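Architecture and fold: a report
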Amino acid sequence: MIAIIDYNAGNLTSVARAVSHLGFQCLVTNDLEKIRNAERIIFPGVGAAGSAMESLKQFGLDTAIRDVFEAGKPVLGICVGTQIIMAHSDENDTPCLGIFKGKTRAFPTDIRSEDGSPLKIPHMGWNRIHIRKAHPVLADVGDADEFYFVHGFFPAPEDAEHVIAETDYDIHFASVIGFENIIATQFHPEKSGRPGLALLKNFCEWEPAC
Amino acid sequence: MLSKRIIPCLDVREGRTTKGIKFKDNVDIGDPVEMARMYYEAGADEIVFYDITASHEKRNIMIDVVRRVAETIFIPFSVGGGIRTVEDMRAVLLAGAEKISVNSAAVKNPGIISEGAKAFGSQCVVLGMDVKQVEKSTKIPSGYEIVINGGRTYMGIDALEWATEAQNIGAGEICLNSIDADGTRDGYELTLTALISQNVDIPVIASGGAGKPEHLADVLRQGKADAALIASMVHYGTYTVSEIKSHLEGEGISVRSSW
């Protein structure tokens, strides 16, 4: 069973729909027992870092997520989920889970497109990823594949080895990060069509070698 | 770099697409779920559903459509039409839509934008704007006025001021429809689109007037739009999404070309 962490009563149904569509059993839950017993977990994100961390702590989910990670089970972070597994988020100046060393940072406000016009924030829409480090979860992703992003902040891991893929939006930012049994995407694989579904399927079958 | 988005728009009345849609094989398809699947597979970057159901009692039919679409396609889609309250928004989002769009309801009650943004995040809240060109005046300094009821009622609100205000109170995106260009197939309203897009920080989807791929190239480049809405030019099989994207790519416009 795959547990999808529910910590904000938000719209998490799309991740569950995509996972079910792929033929895997999953459960959207905030039940600590079920999360600890899950075979693997998906940690999506909604809202801002401050309120997300508050809800996690309120339900004791911050500890449960760390426990699952430390037990060596596969963990997938998505969007705000990816941002709050860092040590700290600049959004609401929030101390976060600290599974990754480093911060979640805001896009600089002066980013420009190639023709010099200002780029809009949030970074919203389809963009490519450039794989920096081969990873089994990204096995089927090609150079031309694009993923759906909606975000104003991005993870900046201290350890360059943790950057699995980067995306270009004037600056290069980490769009997939990971080490050991955790992998996390800044984009939404559940809304990214074929390559997104392929990534989710790979995660659901991933057996980390640690 | 971020790709420009190509977004088919489907009008839905009581659970069926209104005109039915004629593809090249001449099959009429009235089921919005089936059409969403076809556009998803054809490379649409997002889909917009506009619910034109007249009676409030029949709105739950749309919720069922949204739920079935969400089980079928795995790209973002938005729903507009008839959304008046935060509860209406919640029902559509929980059924699986990525975004909801508000138009005349927001003109009458701008609070729905801020309430929706607070409850679900700005990224969920799209402001739909219907706009007509008028003579410039102190009341309408941009020369573009907000209209409702399909362009029959002038609201005395300047389009640029409204776009800026909506952004300030929490709209995450603007879907900008020119009533003057709508249905002409002569191209988008480029001046209006550039005016709004260059003066807000949130993405702008251009709507109204698309007839051929060149029109999309114009509005994405000169109009500075982030996305372009299309309807009849694909619904009747004149062009495919893929043909439109090939043209844009040939023009040097970045689009999602692998799906």
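For every chain, the first residue of its written sequence is number 1, and the numbers climb from 1 along that sequence. All chains are assigned letters beginning at A, and all ligands numbers beginning at 1, according to the order in which they are written. pLDDT decides what is reported in this predicted model: residues at 70 or higher carry local features, side-chain atom pairs at 80 or more are listed and counted, and totals for whole chains, interfaces and linings draw on all residues regardless.

Strands here are runs of E lasting at least two residues and helices are runs of H or I lasting at least four, both read from the DSSP assignment and numbered beginning at the N terminus. Along the backbone of chain B there are 10 helices and 13 strands. In terms of overall dimensions, chain B is globule-like: its C-alpha atoms have a radius of gyration of 17 Å, near the 18 Å expected for 259 residues. Considering only C-alpha atoms, chain B reaches an extent of 55 × 45 × 35 Å along its principal axes. Counting all 259 residues of chain B, 53% fall into the buried class. When contacts within chain B are restricted to residue pairs at least 6 apart in sequence, long-range pairs at least 24 apart make up 63% of them. The atom set for the radius of gyration is the C-alpha atoms, and the globule formula is 2.2 Å times the number of residues raised to the power 0.38. Backbone-placed C-beta atoms define the burial measure: a residue is buried with 20 or more other C-beta atoms within 10 Å of its own, exposed with 12 or fewer, and partly exposed in between. The contact criterion used is a C-beta to C-beta distance within 7 Å, with each C-beta placed from the backbone.

Residue and element names in this part refer to chain B. Angles shown run from 0 to 180 degrees and are taken between the N-to-C directions of axes, each axis being a line fitted to C-alpha atoms and, for helices, limited to the stretch in contact. Orientation of helix α6 (residues 159-168) relative to helix α7 (residues 190-199), taken along the N-to-C sense of each, is 30°, at an axis distance of 10 Å. Viewed along their axes, α6 and α7 adopt a mutual orientation that is roughly parallel. For the pair α6 and α7, the sense of crossing is right-handed. Contact residues: A159, L160, A163 and T164 in α6; L195, I196 and N199 in α7. Each residue is assigned to one of three groups, with Ala, Val, Leu, Ile, Met, Phe, Trp, Tyr, Cys and Pro labelled nonpolar, Asp, Glu, Lys and Arg labelled charged, and all others, Gly among them, labelled polar. Here the contact of α6 with α7 is built from residues that sort into 5 nonpolar, 2 polar and no charged. In this scheme, roughly parallel covers angles under 35 degrees and roughly antiparallel covers those over 145, while 65 to 115 is roughly perpendicular and the rest are oblique. Handedness of a helix crossing follows the sense of rotation of the near helix relative to the far helix, less than a right angle counterclockwise being left-handed and clockwise being right-handed.

We now examine the sheet that holds strand β7 (residues 102-106) of chain A. The strands that make up a sheet are held in pairs by hydrogen bonds between backbone atoms, and each pair lies either parallel or antiparallel. Taken together, 4 strands build an open sheet; the order of strands is β6-β5-β7-β11 (chain A) and the sheet is mixed. In this open sheet, the two strands that pair with only one neighbour each are β6 (94-95) and β11 (153-157) of chain A. Strands are treated as partners if at least two bridges between them are detected by DSSP.

The next subject is the packing of helix α1 (residues 32-42) of chain B against helix α2 (residues 59-72) of chain B. Between two packed helices, what matters for the description is the angle formed by their axes and the separation of those axes. Residues and elements named next belong to chain B. Interhelical geometry of α1 versus α2 gives an angle of 30° and a closest axis separation of 9 Å. In terms of orientation, α1 lies roughly parallel with respect to α2. Like other packed secondary-structure pairs, α1 and α2 cross with a definite hand, here right-handed. Every residue of α2 that contacts α1 at P32, V33, A36 and R37 is listed here: V65, R68, V69 and T72. Of the residues belonging to the contact of α1 with α2, the class tally is 5 nonpolar, 1 polar and 2 charged.

What follows covers helix α3 (residues 49-58) of chain A. Residues and elements named next belong to chain A. Among the residues making up α3, those that are buried are A49, A52, M53 and L56. Projected onto a plane normal to the axis of α3, the buried residues spread over an arc of 95° and lie on a single side. Turning to α3, the residues buried within the fold contact α4 (61-70), α5 (80-83), β5 (88-89), β6 and β7. The positive-phi residue at the C-terminal boundary of α3 is G60, with phi of around 75°. For this quantity, the arc is that covered by the directions from the helix axis to the C-beta atoms.

Turning to the environment of B:A171, a few remarks are in order. Residues and elements named next belong to chain B. Along the chain, A171 falls in the loop between α6 and β11 (173-178). Taking the C-beta count within 10 Å as the criterion, A171 has 27 such neighbours and is therefore assigned buried. Placed 31 residues apart in sequence, A171 and I202 show a C-alpha to C-alpha distance of 8.1 Å. Here A171 is in contact with I113, S122, V125, V126, L127, A166 and I202, once residues within four sequence places are set aside.

Looking now at the interface of chain A and chain B. The partner chain B presents 24 residues to the 30 residues of chain A that form the contact. Sorting the residues of the side of chain A that touches chain B by element identifies α1 (13-21), β8 (123-128), β10 (146-151), β12 (163-169) and α6 (193-205) of chain A as the ones contributing at least two each. If you tally residues by element for the side of chain A that touches chain B, the top one is β8(A), at 5 residues. For the side of chain A that touches chain B, the residue count by class is 11 nonpolar, 11 polar and 8 charged.

Residues and elements named next belong to chain A. Taken in spatial order, the 8 strands of this open sheet run β2-β1-β3-β4-β14-β13-β12-β9, and their pairing is mixed. Two strands in the sheet have a free side with no partner beyond their single neighbour: β2 (26-29) and β9 (130-131). In this structure, strand β4 (residues 75-78) lies alongside strand β14 (residues 182-185), joined through 4 bridges in parallel fashion. Bridge pairing links V75 to I182 in β14. Contacting β1 (2-5), β2, β3 (40-43) and β4, α1 runs over the sheet at an angle of about 170° to β2.

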